[in-house]
Amino acid sequence: MPERERLQIELEKAQAELDQLNKLLEHKADYAIGEGDPAIYNWEFNLAQRRRAERKVKSIKEALQKIGEGTYGVCERCHGEIDPERLKILPHTTLCIECARAGRK
Ligand SMILES: [Zn+2]
């Protein structure tokens, strides 16, 4: 399957996840119940999930833009080529494996 198609599918999935989380977060937890309440825990968990989903949607959109520009699969940090096997697993990644590892340190 071409990258663009795979990314479109990824984008739809990530967008659906984000919409779902936005719906869940529409009803704010009652912070008066006190700390340690499962409702608050869930709320915070969903907030973290939403941040993650937002980042994913953003990076997939960027990847799609890069395909359009012809710079897809090029590492943003070292400008080397990203391993196609890595792109298969993480189609929206912007870093090669070496730079991703270095960035995590
Ligand atoms: Zn790199």
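Refer to the structure above for everything that follows.
Small disclaimer: the values here were computed from a predicted structure and weren't measured.

Asker: Residue-level account of the overall build of the chain, with values.
Answerer: The secondary structure content of the chain amounts to 4 helices and 0 strands. Each helix and strand of the chain, placed in order from N terminus to C terminus, yields the pattern α-α-α-α. Since a compact globule built from 105 residues should have a radius of gyration of about 13 Å, the 17 Å found for the chain marks it as more spread out than a globular shape. With the C-alpha coordinates of the chain rotated into their principal frame, the extents come out at 50 × 30 × 20 Å. Across the 105 residues that make up the chain, the buried fraction comes to 30%. Within the chain, contacts between residues at least 6 apart in sequence are counted, and of these 51% link residues at least 24 apart. When the accessible surface of the chain is split by element, carbon and sulfur atoms take 52% of a total near 7500 Å². Separation of charge centres in the chain, based on 19 positive and 19 negative side chains, amounts to 3 Å.

Asker: Tell me about the environment of Arg6, and please be specific about residues and values.
Answerer: Position of Arg6 relative to the elements: it lies in helix H1 (residues 3–24). Those residues within four positions of Arg6 in sequence are excluded, and the remaining contacts are Met1, Leu87, Lys88 and Pro91. Of note is the side chain of Arg6, whose polar atom sits 3.0 Å from the backbone oxygen of Leu87.

Asker: Describe the coordination of the zinc ion, listing the residues and the values that go with them.
Answerer: Protein-derived coordination of the zinc ion comes from Cys75 (SG), Cys78 (SG), Cys96 (SG) and Cys99 (SG), at a distance range of 2.3 Å. Of note is the zinc ion, whose 4 donor atoms meet at the metal with angles of 104 to 115° in an arrangement that counts as tetrahedral. Within one chain, the residues serving as donors to the zinc ion are arranged as C-x2-C-x17-C-x2-C. One end of the pair, Cys78, is in the loop between helix H2 (38–69) and helix H3 (84–89); the other, Cys96, is in the loop between H3 and helix H4 (97–104), and 18 residues separate them in sequence. With relative accessibility at 5%, the residue Cys96 sits in the buried group.

Asker: Requested: an account of the side chain of Asn46, with residues and values cited.
Answerer: Mapped onto the elements of the fold, Asn46 is located in helix H2. What Asn46 contacts, discounting residues up to four positions off in sequence, is Leu21, Leu24 and Leu25.

The rules behind each value
Residues numbered from 1 in each chain as written. Predicted model: local features only at pLDDT ≥ 70, side-chain atom pairs only at ≥ 80, totals over all residues. Heavy atoms only, no water. Helix = DSSP H or I, 4+ residues; strand = E, 2+ residues; numbered from the N terminus. Rg over C-alpha atoms; globule rule 2.2 N^0.38 Å. Buried < 20%, exposed > 50% of the residue type's maximum accessible area, 1.4 Å probe, protein only. Contact = heavy atoms within 4.5 Å. Areas by Shrake-Rupley, 256 points an atom, 1.4 Å probe, with all protein chains shown as cover. Lys, Arg positive; Asp, Glu negative; His and termini not counted. Charge placed at Lys NZ, Arg CZ, Asp CG, Glu CD. Polar contact = N/O pair within 3.5 Å; in protein donor to acceptor, adjacent residues only side chain to side chain. Donors = N, O, S within 2.8 Å, 3.2 Å for Na, K, Ca; no water. Tetrahedral: all angles 85-135°; square planar, octahedral: opposite > 155°, others 65-115°.

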